[in-house]
Amino acid sequence: MKYISIVVPVYNEQENVSVFYQEVCKHMEATGYPFELIFVDDGSSDETTLILKKLTQQDTRVCAIILARNFGHQVALTCGLDHARGDAVITMDGDMQHPPAMLPLLIKKWENGFEVVQTIRKDTQGVSWFKGFTSRMFYRTINAMSNIDMAEGGSDFRLLDRKVVDTFKNFKEKARFIRGIIGAMGYRRIQIEFVAPQRFAGKSKFSLKKMLNFALDGITAYSKLPLRLAFYMGLLSGLLSLFLTVDVVYTKLFTTEAVPGWATIAASVLLLGGLQLVGLGIIGEYIGRIFEEVKERPLYWISDELKSSVEVRTKKQETVA
């Protein structure tokens with residue numbers, strides 16, 4: 001019988017982990033599929049690791065990978081995908097905003113032959129107007145600037161067939177934008193809409209700074225348009241400066257009007273200087289990402305891997321045999 005892996009990155013989710021585990025088990029057991037539940041602890045500083053250790057001892061289907069420090073949500077997801085053994089792999093967050101009740105539906109679509117089952121968040125209960133607005137603007141911006149088509153409201157709650165996971169492992173970039181990677185792969189896909197409930201407990205760890213970095217990763221990973229915009233701005237400012245120069249020369253040679261000079265020069269210098277700094281900043285962002293890639297450092301490193309003692313003994317016996 002086919003096997004399902006569920007990958008869940010967690011970071012300081014001590015209030016949610018146990019409830020999430022119970023809900024996932026309830027809905028997965030209803031499908032009849034054997035499954036593994038892989039938690040990836042992304043450097044939690046609360047009691048999350050201790051709770052995960054207890055769960056792994058209570059249930060052989062649960063394992064927990066403890067990262068050595070906080071690497072970020074996308075890297076934690078990648079780590080889980082690297083360790084997943086299932087014929088299908090489901091990725092989701094552990095704060096209950098990705099409803100475990102939808103798991104049977106995702107699996108049903110996979111049984112119907114779809115290799116990527118992508119959920120689309122139509123709304124989030126209790127979310128602020130600002131966060132909803134910035135989310136919509138992000139998707140519209142990246143769709144306008146890149147050659148990939150990402151559905152507005154796309155999330156990291158999805159099911160991937162084994163062949164998709166194996167293809168994903170070939171992508172080695174450090175600045176991870178998994179939604180873009182999966183979206184650019186192709187494969188037979190279907191989208192399922194849902195309304196995300198409020199977090200079961202605690203506060204979101206996805207701060208404004210992390211949100212901006214995430215957006216920047218997506219734009220720079222799949223678009224060269226910012227570099228072209230810098231070129232176009234430089235070209236436009238050069239033309240404006242040329243026209244200004246012609247006007248100054250004409251005024252000096254063919255009129256008797258006094259030319260104040262300093263205001264025009266100051267405005268020109270500020271305009272050109274600002275455009276140059278913008279262009280250098282965009283170029284520097286891309287160069288910085290190239291610098292990170294060429295160092296070829298590991299994407300993550302693991303502090304510990306927690307599994308049931310029963311499973312560990314079984315593997316040791318198989319090795320001896």
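Everything below is about the structure printed above this text.
Quick summary incoming for the structure in this document. (Residues numbered from 1 in each chain as written. Predicted model: local features only at pLDDT ≥ 70, side-chain atom pairs only at ≥ 80, totals over all residues. Heavy atoms only, no water.)

Okay, the overall build of the chain next. The helix and strand inventory of the chain stands at 11 helices and 8 strands. A burial count over the chain gives 42% of its 321 residues as buried. Within the chain, contacts between residues at least 6 apart in sequence are counted, and of these 83% link residues at least 24 apart. Of the accessible surface of the chain, which amounts to about 17,500 Å², a share of 60% is contributed by carbon and sulfur atoms. (Helix = DSSP H or I, 4+ residues; strand = E, 2+ residues; numbered from the N terminus. Buried < 20%, exposed > 50% of the residue type's maximum accessible area, 1.4 Å probe, protein only. Contact = heavy atoms within 4.5 Å. Areas by Shrake-Rupley, 256 points an atom, 1.4 Å probe, with all protein chains shown as cover.)

What follows concerns the pairing of strand S3 (residues 62-67). A large share of S3 lies buried, amounting to 6 of its 6 residues. The alternating pattern of S3 places Val 62, Ala 64 and Ile 66 on one face and Cys 63, Ile 65 and Leu 67 on the opposite face, and all of these are buried. Both strand S2 (residues 35-41) and S3 contribute to a ladder of 5 bridges, which runs parallel. Bridging across to S3, Ile 38 finds its partner in Cys 63. As for the winding sense of the linkage, the β-α-β connection from S2 through helix H2 (residues 48-58) to S3 is right-handed. (Pairing = 2+ DSSP bridges. Right-handed = clockwise from strand over helix to strand, strands pointing away.)

As a further point, take a nonpolar patch on the surface. A cluster of nonpolar side chains, contributed by Leu 236, Leu 240 and Phe 243, occupies part of the molecular surface with about 330 Å² of accessible area. Look at Leu 236 and you get exposed, because its relative accessible area is 51%. (Patch = residues over 30% accessible without salt bridge, like charges linked within 9 Å, V, L, I, M, F, W, Y side chains within 5 Å. Salt bridge = Lys/Arg side-chain N within 4 Å of Asp/Glu carboxyl O.)

The buried count for helix H3 (residues 73-83) comes to 8 of 11 residues, which makes it a mostly enclosed element. For H3, the complete set of buried residues consists of Gln 74, Val 75, Ala 76, Leu 77, Thr 78, Cys 79, Gly 80 and Leu 81.

For the rest of this paragraph, the subject is the nonpolar core. Membership of the largest hydrophobic core comes to 38 residues, with the highest contact counts inside it found for Ile 4, Ile 6, Leu 37, Phe 39 and Ile 90. Considering each element in turn, this core owes the most residues, 6 residues, to helix H1 (residues 17-31). Leaving out residues up to four positions away in the same chain, Ile 90 has contacts with Ile 4, Ser 5, Ile 6, Val 7, Leu 103, Leu 106, Ile 107, Phe 157, Arg 158 and Leu 159. Val 75, Ala 76, Val 116 and Val 165 belong to the second largest nonpolar core, which has 24 residues in total. (Core = buried A, V, L, I, M, F, W, Y, C linked by side-chain atoms within 4.5 Å.)

Running from N to C, H1 and helix H4 (residues 103-111) point in directions that differ by 35 degrees, and their axes come no closer than 9 Å. The two elements H1 and H4 meet at a crossing, and its hand is right-handed. Here H1 contributes Val 24, His 27, Met 28 and Thr 31 to the contact with H4, which in turn contributes Leu 103, Pro 104 and Ile 107. When the residues that make up the contact of H1 with H4 are grouped by side-chain class, the tally is 5 nonpolar, 2 polar and no charged. (Axes fitted to C-alpha atoms, helices over the stretch in contact; angles between N-to-C directions. Left-handed = near helix turned anticlockwise from the far one by under 90°. Nonpolar A, V, L, I, M, F, W, Y, C, P; charged D, E, K, R; others polar.)

Turning to the pairing of S2, a few remarks are in order. Burial runs high along S2: 7 of the 7 residues are buried. Judged by which residues are buried, S2 turns out to be covered on both faces: Phe 35, Leu 37, Phe 39 and Asp 41 on one side and Glu 36, Ile 38 and Val 40 on the other are all buried. Bridging between strand S1 (residues 4-10) and S2 involves 7 bridges; their strand directions are parallel. Looking at the pairing, Ile 4 lines up with Phe 35 of S2. The parallel pair S1 and S2 is bridged by H1, and the resulting crossover is right-handed.

What follows is about the environment of Tyr 33. When you line up the elements, Tyr 33 lands in the loop between H1 and S2. For Tyr 33, a relative accessible area of 13% gives the class buried. Ignoring anything within four residues of it in the chain, the contact list for Tyr 33 reads Met 1, Lys 2, Ile 4, Met 28, Ile 107, Trp 110 and Glu 111. Separated by 2.4 Å, the side chains of Tyr 33 and Glu 111 make a polar contact. (Polar contact = N/O pair within 3.5 Å; in protein donor to acceptor, adjacent residues only side chain to side chain.)

This part takes up the packing of aromatic side chains. Scanning all chains against the criterion turns up 4 aromatic pairs. Both rings, one in Phe 71 and one in Trp 301, keep their centres 4.8 Å apart while their planes meet at 85 degrees; by these two values the pair is edge-to-face. Placement of the pair is Phe 71 in the loop between S3 and H3 and Trp 301 in the loop between helix H10 (262-294) and strand S8 (302-306), with a sequence separation of 230 residues. Ring geometry for Phe 157 versus Phe 194: centroids 6.0 Å apart, planes at 90 degrees, classification edge-to-face. Of the two residues, Phe 157 sits in strand S6 (residues 154-161) while Phe 194 sits in strand S7 (residues 189-196), which places them 37 residues apart along the sequence. Across this residue pair, the class does not change: Phe 157 and Phe 194 are buried. Directly above the ring of Phe 71 sits Arg 69, whose terminal nitrogen or CZ lies 4.1 Å from the centroid. Over the ring of Phe 114 we find Arg 188, and its NZ or CZ is 4.3 Å from the ring centre. (Phe/Tyr/Trp six-rings, centres within 6.5 Å; stacked < 30°, edge-to-face > 60°. Lys NZ or Arg CZ within 6 Å of the ring centre and 35° of its normal.)

Read these as geometric descriptors, not functional statements.
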